[in-house]
Amino acid sequence: MDAALSLFGLAQPCQISFALDGAQNRPYVKVVPPNAKGEEKQLPLYGHRDSVSGKVTVSVKEGKALQTLGVRIEFVGTIELLYDRDQNQEFVSLIRELDEPGVITGTKQYAFAFSDVEKAFDTYSGLNVQLRYFLRVTIQRPHTSPDFKKEFDISVQHTQPEPEINNSIRMEVGIEDVLHIEFDYDRSKYHTTDVVRGWIYFVLVRNQSSQTTAWDLRLPQGKLAFSPSNAGLRTVICYSDSFGKAKIKIKRMEIELKRKESAGPAGTNVHNETDTIGKFEVMDGAPVRSEKIPIRLFLSAYDSLTPTYRSVNNIFSVRYFLNLVLVDDADRRYFKQTEITLWRADPESIA
Amino acid sequence: MAAGESLVRSDAISRIRVKRPLLHRALDAGKIDVGVKVSVEIAAELNAPKLQVLSPKDYYEVYLAVSEELQIFGNVVVASARAGGTSVVDLYEKVQYTEHVTPRLYLLITIGSALVTTKQTLVEEVMSDLLTMCSAVQNPIRGLFLRNYYAQCMKDKLPDGERSREQLERTIGFVLENFTAMNRLWVRLQYDCPPEMNKLRTKQRRELSLLVGSSIMTISKLRGVDLSLYKTLILPQLLDQIVSCKESLAQEYLMECIVQVFPDEHHIGTLEELLTAFSKFEKGVDLRLVIAALTDRLSRFASNSPENCEAVRNARTFDVFAAYLPEVVKKFAPFIQRTELLRAYASLLRLVLAAYPDRMDFVDQVLCFCVTTLQATEGSSITTGAEDMITTITSDEFFEGDDGEIAENASASTTAKAPGSGGDASSEAVQELAECSAEENVLVQVISMVFEAHKDISDRLKLRHFMAFIRVLSSPTRRKVAAMLLESISEYKQCIQDETTLEKLFVYVDPLISDGSIRKKQPLVHPLLEKLVDNGALDRESPMTIGQAVPREAHDMEGPSSSAQPSVLSFGQTQEQAEELEMDAGQQQVGRIVHLLDSSSPERLFVFHRMCFDRFRKAGEKNLRLTLPSLVFASLRLAFTWMSPKALEQALEMINCLEEFNPEKALRFYLETTKTAKSIGGSARAYILHCIERALVVLETRIVNSREQLRSLTLITSTTTAVGGSMAAVDYESLCQSVVKAGSQLLTRRDQCTALCDATELFWNDETGNDAIRVVQCLGMALDSANAVVSGFERTFLYCDIFNRTTTLFELGCNEVARKEVGQLLAISKNLLDEMGPTSKVHATRKRLARAEKYALNNPELCRSFALIAPQ
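Residues numbered from 1 in each chain as written. Chains lettered and ligands numbered in written order. Predicted model: local features only at pLDDT ≥ 70, side-chain atom pairs only at ≥ 80, totals over all residues.

Enquirer: Would you mind going over the overall build of chain B in detail, with residue names and values included?
Expert: In terms of helices and strands, chain B carries 44 helices and 2 strands. By the burial criterion, 45% of the 872 residues in chain B qualify as buried. The long-range fraction of contacts in chain B, counting pairs at least 24 apart against all pairs at least 6 apart in sequence, stands at 73%. (Helix = DSSP H or I, 4+ residues; strand = E, 2+ residues; numbered from the N terminus. Buried ≥ 20, exposed ≤ 12 C-beta atoms within 10 Å, placed from the backbone. Contact = placed C-beta atoms within 7 Å.)

Enquirer: So what's going on with the packing of helix H34 (residues 645-661) of chain B against helix H35 (residues 663-680) of chain B? Which residues, and what values?
Expert: Residues and elements named next belong to chain B. Interhelical geometry of H34 versus H35 gives an angle of 170° and a closest axis separation of 9 Å. The angle between the axes of H34 and H35 places the two elements in the roughly antiparallel class. Considering only the axes of H34 and H35, their crossing is left-handed. Between H34, through Pro645, Leu648, Ala651, Leu652, Ile655, Leu658 and Glu659, and H35, the contact on the second element is made entirely by Pro663, Lys665, Ala666, Phe669, Tyr670, Thr673, Thr676, Ala677 and Ile680. (Axes fitted to C-alpha atoms, helices over the stretch in contact; angles between N-to-C directions. Parallel < 35°, antiparallel > 145°, perpendicular 65-115°, else oblique. Left-handed = near helix turned anticlockwise from the far one by under 90°.)

Enquirer: Any details on the interface of chain A and chain B? Residues and values, ideally.
Expert: Listed as interface residues are 18 residues of chain A and, on the opposing side, 20 residues of chain B. Contributing elements (two or more residues each) for the side of chain A that touches chain B: strand E18 (271-284) and strand E19 (292-298) of chain A. No other element matches E18(A), which puts 6 residues into the side of chain A that touches chain B. Considered class by class, the residues forming the side of chain A that touches chain B number 10 nonpolar, 2 polar and 6 charged. (Nonpolar A, V, L, I, M, F, W, Y, C, P; charged D, E, K, R; others polar.)

Enquirer: Outline the sheet that holds E19(A), supporting the account with residue identities and numerical values.
Expert: All names here are of chain A. Read from one edge to the other, the open sheet built from 4 strands follows the order E13-E14-E16-E19, with strand pairing classed as antiparallel. Edge positions in the open sheet fall to strand E13 (169-175) and E19, since each of these has one partner strand only. Strand-to-strand twist across the sheet, computed as the mean angle between neighbouring axes with direction ignored, equals 20°. Across 7 bridges, strand E14 (residues 179-185) lies against strand E16 (residues 195-205) in antiparallel orientation. Considered in E16, the bridge of Asp184 is made with Trp199. (Pairing = 2+ DSSP bridges.)

Enquirer: Describe the environment of Ser630(B), and please don't skip the residues or the numbers.
Expert: Residue and element names in this part refer to chain B. Tracing the chain through its elements places Ser630 in helix H33 (residues 621-642). Using a count of 17 C-beta atoms within 10 Å as the deciding quantity, one classes Ser630 as partly exposed. Expressed as a C-alpha distance, the spacing of Ser630 and Ser228, which sit 402 residues apart in the sequence, is 62 Å. Here Ser630 is in contact with Gly591, Arg592 and Val594, once residues within four sequence places are set aside.

Enquirer: Account for helix H11 (residues 248-261) of chain B, naming residues and giving values.
Expert: Residue and element names in this part refer to chain B. With 14 residues, H11 should reach 20 Å at 1.5 Å per residue; the first-to-last C-alpha distance of 20 Å fits that figure. Most of H11 is tucked away: 10 of the 14 residues are buried. Inspection of H11 places Leu249, Ala250, Gln251, Glu252, Tyr253, Leu254, Met255, Cys257, Ile258 and Val259 among the buried residues, and these make up the whole buried set. Buried residues in H11 make contact with helix H8 (165-191), helix H9 (198-221), helix H10 (227-244), helix H12 (264-269) and helix H14 (287-304). (Expected span 1.5 Å × (residues − 1).)

Enquirer: Give me the pairing of strand E11 (residues 129-140) of chain A: which residues, what numbers.
Expert: Residue and element names in this part refer to chain A. Counting buried positions over the 12 residues of E11 gives 9, a clear majority of the element. Taken together, the 12 bridges between strand E6 (residues 70-81) and E11 define a ladder with antiparallel strand orientation. Following the sheet pairing, Glu74 is matched in E11 by Arg136. By the bridge criterion, 2 bridges tie strand E10 (residues 124-125) to E11 in an arrangement that is antiparallel. Along E11, the bridge assignment pairs Ser125 with Gln130. Counting the residues between successive antiparallel strands, the hairpin from E10 to E11 contains 3 residues.

Enquirer: Break down the pairing of strand E20 (residues 309-312) of chain A for me, with residues and values.
Expert: All names here are of chain A. With 2 bridges joining them, E20 and strand E21 (residues 316-328) adopt antiparallel strand pairing. Its bridge partner being in E21, Tyr309 is matched across the sheet by Val318. Here E20 folds back onto E21 in antiparallel fashion, the turn holding 3 residues, of which Asn313 has a positive phi close to 50°.

Enquirer: Pulling in residues and values, what's your account of the domain arrangement of chain A?
Expert: All names here are of chain A. Partitioning chain A into structural domains gives domain 1 (2-156) and domain 2 (169-350). With 15 residues of domain 1 in contact, the opposing surface of domain 2 contributes 16 residues. Mapped onto the side of domain 1 that touches domain 2, the elements with two or more residues apiece are E6, strand E7 (89-99) and E11. (Domains from an automatic or database assignment.)

Enquirer: Break down the environment of Arg72(A) for me, with residues and values.
Expert: Residues and elements named next belong to chain A. Take Arg72: it is sitting in strand E6. What makes Arg72 partly exposed here is the crowd of 18 C-beta atoms within 10 Å. Residues Arg72 and Lys149, spaced 77 residues apart in sequence, show a C-alpha to C-alpha distance of 9.7 Å. Dropping the residues within four chain positions of it, Arg72 is found in contact with Ile95, Arg96, Glu97, Leu98 and Thr138.

Enquirer: I'd like a rundown of the sheet that holds strand E4 (residues 52-60) of chain A, residues and numbers included.
Expert: Residues and elements named next belong to chain A. Pairing within the open sheet is antiparallel, and its 3 strands lie in the order E1-E4-E9. Lying at the two open borders of the sheet, with one neighbouring strand each, are strand E1 (14-20) and strand E9 (107-114). The sheet shows a mean angle of 20° between the axes of neighbouring strands, taken without regard to direction. Sheet topology places E1 next to E4; 7 bridges connect them, and they run antiparallel.

Enquirer: How would you sum up the environment of Val507(B)? Please name residues and give values.
Expert: One can find Val507(B) in helix H25 (residues 499-508). Distance in space between the C-alpha atoms of Val507(B) and Val430(B) is 32 Å, their sequence separation being 77 residues.

What follows is the structure in structure tokens.
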């Protein structure tokens with residue numbers, strides 16, 4: 001590309017490169033762009049108040065001189081709404097002047113440092129929204145010549161302390177006289193490499209009784225068939241066929257891990273996007289009454305997990321759900337979605 | 001369908017085989033992660049929706065192929081871990097990322113097994129974790145095989161050897177938990193299908209039964225499982241599961257497993273638990289099978305060594321059975337054929353006989369159970385309770401009353417049951433009858449087992465319920481059983497020592513004794529048979545033809561073209577003859593009762609004989625011909641040893657009864673009696689004359705066969721000679737006259753001649769003195785008779801006889817018989833023979849003649865007296 005451009009004399013006359021301090025010792029985070037567009041990148045990881053320092057090297061092609069109005073570096077934190085670039089918001093923007101206006105020839109190196117820079121949010125790359133931190137070097141050019149710019153992304157992750165209150169999630173759902181189940185996730189808050197443990201207990205299953213009644217729950221496929229219990233009171237949505245008794249023959253059961261991303265500043269249209277991160281079969285076959293099925297879901301199997309974000313800078317939220325799905329032998333799906341809170345633990349604290 | 005299935009199976013297996021090199025390459029290159037991926041793919045074959053059409057058998061083959069690959073994977077993991085390359089613990093987590101549950105768990109078990117092998121984690125932890133996770137597979141077939149894989153992988157890793165009891169208990173807990181879950185899946189398989197597939201499912205489940213049973217086997221093989229652990233921990237849980245699964249196939253199979261797999265000592269210690277469990281079983285369970293499994297096992301155990309036998313007895317085994325089994329049987333009675341119930345008791349009986357060879361009361365109790373069972377279920381011909389039996393046992397009228405009752409029942413049931421068309425009712429009845437005869441067979445088996453084991457008749461008489469027992473049988477079978485009672489006695493020990501015992505024995509064998517008369521008026525005792533005859537469905541000998549349906553059929557098969565009627569008829573006749581023969585054999589058995597009587601006290605023996613006699617007489621006189629002889633012999637022996645005219649008189653009374661039906665025997669007995677009377681002497685001598693007179697009367701009036709007449713007369717003659725000295729001369733004289741008269745009145749001349757020749761003995765012997773005139777007279781009459789014989793050959797023969805007899809008498813000192821005419825008899829005979837052709841008979845007679853002549857010629861005095869001239 002550069003070579004092609006240089007053919008027309010349009011190629012950038014200079015190269016800009018970054019060398020961050022301590023880059024070798026930093027952990028790197030793999031960033032997968034949403035929808036698999038673009039390339040996977042490995043970004044150095046910074047903590048909340050880590051200083052970002054390093055050197056910028058500007059090298060001008062031999063025999064050329066680059067006239068500048070100055071060289072500066074910025075540290076930027078932005079939230080970009082992918083559906084509407086206009087609404088991008090920079091919540092951090094720090095500038096350091098690196099050079100006076102003049103002429104650059106040969107290679108020139110500048111040291112820079114943004115000490116204790118506040119990085120309030122985690123980097124995030126979602127379907128509709130992106131939260132980025134990056135360094136931007138700008139070589140200002142006189143007149144109408146476009147400035148030379150180069151961006152360099154870093155990633156930021158915050159670790160959180162273990163939540164103090166972490167109740168289990170317990171629910172009783174069912175279809176009256178057909179299926180009652182109780183399920184139990186051991187906690188409501190998990191760190192991102194945690195294990196979800198729990199039980200599904202079949203209180204009542206009518207799947208093999210009289211053959212006289214045809215099975216017809218008259219449910220549109222995928223419709224919510226379970227309702228949660230509120231404050232210990234069981235509320236059950238009841239479906240039954242015209243013959244009175246209904247049956248259900250469960251084929252299997254799975255847990256889906258879902259991410260719901262809501263993007264858009266307050267007061268504008270909110271763009272919601274739900275994305276199934278993983279499917280995990282927890283049961284094969286049709287259980288009978290009083291069977292207790294174990295759940296053990298390793299979250300570490302899914303590397304795109306982030307913590308739950310609630311209203312990041314009032315622009316976007318990311319929430320996670322466990323969706324318990326029962327599939328019957330006519331491939332109808334009955335499900336119950338439950339929100340879980342994800343948090344990022346200090347890897348050392350959970351090791 | 002079947003072809004499709006095998007295609008699915010072979011497809012699945014070949015897909016697995018294709019992945020094998022991938023797996024190996026990955027493992028060889030040390031890429032465990034790739035290995036995991038390929039292994040998951042391999043294990044996923046077991047989860048393929050296509051496989052749902054497979055029968056468990058086909059699925060098993062796929063399972064084998066998968067587990068083979070997984071084992072390889074597991075071994076590589078172990079090797080790699082030992083080399084320090086792989087963290088099995090990490091792998092244990094990683095494989096749990098697998099999306100689908102079935103392959104995930106196969107992998108988890110494989111890695112878990114590797115964990116245990118590399119000792120990175122406690123066995124118990126792994127076992128418990130895997131067990132928990134396994135419940136995620138609720139599909140019966142997949143679940144069963146998965147859990148089987150678990151059991152197979154853990155089998156050799158169970159904590160063994162050095163371990164605490166708690167550890168052992170926990171281990172057992174795991175195995176039991178897995179067993180419980182497997183059984184539940186196994187049972188669910190049955191209910192998990194449409195009703196029309198029930199049969200197929202049952203068959204498939206049988207194929208799978210081994211998977212479930214192997215857990216029980218695993219427990220039994222654990223070292224350190226003692227009785228207390230078995231009794232308090234293992235068995236209660238096993239039984240709880242078996243009972244609560246409420247499914248007959250499972251209950252039947254698993255109970256058999258328990259019985260076969262655990263040691264005998266454990267069963268002895270937990271009989272109550274086992275039997276209580278039986279009582280809670282579902283109605284479809286083959287009760288006989290499970291009970292027989294248990295009792296047969298214990299029987300074998302008990303008969304192995306005296307110590308074992310003692311162990312069985314110490315545990316009060318029979319008491320436990322007696323306390324529980326009737327309840328169990330009662331509960332099952334409505335669902336199970338009675339034959340099966342009876343067989344259950346039969347197996348208990350086997351145990352009793354093996355473990356309690358001395359406890360007749362136990363045997364008796366089993367008989368009582370059988371009877372009670374039959375009484376409790378309708379359709380039996382019994383109306384009165386077994387308890388009444390004992391009180392009425394000495395009543396002679398007992399059987400008649402009984403039969404009357406049965407007849408009433410029979411007619412009642414006929415009228416009540418057969419309102420429809422005769423054909424229908426009868427075919428139904430034939431079926432029922434077949435069942436009845438099966439029942440009887442079992443009962444006969446039962447009783448013959450008892451007899452086999454208890455040869456001593458006094459033991460057998462201890463069976464208080466015997467009567468009640470045989471009352472439920474049909475009349476021919478009763479007879480058979482009664483005969484068996486007597487038959488199988490190998491040695492006739494004199495074991496009957498009092499009247500009650502004897503009386504009891506009579507009651508026991510009553511069907512045999514009372515047979516003749518009762519059978520005539522009530523040929524079919526069984527109400528069903530009665531009914532059949534009423535319907536005209538069967539001819540008279542039906543009880544036997546049904547019982548032996550096979551020979552009859554075979555007979556019919558012989559000539560399908562010829563009309564069936566005659567063949568059946570002739571068969572019926574042979575049947576009747578066979579019956580007759582069988583009955584005769586039975587009667588002879590009855591006769592042998594005499595040998596059982598204790599002879600130490602003559603007075604008592606005398607009474608015994610009286611009782612026997614009375615009893616036999618009641619049985620119909622026709623049978624006396626078979627039953628009496630041995631009694632008469634015994635009585636005569638008694639009279640002789642006891643020197644008692646009283647006994648002699650009793651014997652005579654018996655002989656008198658015999659006259660009509662067995663005159664030959666009676667006659668001989670009379671003659672025998674004279675000898676006994678002679679040796680007793682005293683007043684008994686009075687009987688001598690009487691006896692011989694009776695013998696003569698019998699000869700005249702009852703013996704019709706001419707040869708027999710001659711034979712009898714010969715006997716009378718010699719007896720009279722022998723005992724003649726013991727009677728008054730007058731009596732002797734008149735007897736002699738009677739004998740000579742009888743001789744001269746025989747049918748043929750030849751017989752007359754022989755008899756008269758013999759009669760000379762009466763007048764020329766040491767006992768009664770010599771009377772030459774009478775001798776000559778007799779010989780004269782004999783010669784007259786001989787002369788009157790038409791056949792020259794016979795005449796020659798008789799002449800020779802007369803000549804011999806005369807010369808004998810002459811040598812004994814009776815000179816008066818020396819006549820020239822007698823001497824000429826030889827010459828006449830020779831001439832007669834010469835006229836006849838040279839047949840072998842003639843040759844023999846000629847030789848005889850020559851012998852007589854040669855003898856006479858060697859005696860000069862004879863030659864002189866009879867004017868014999870030696871041939872030139």
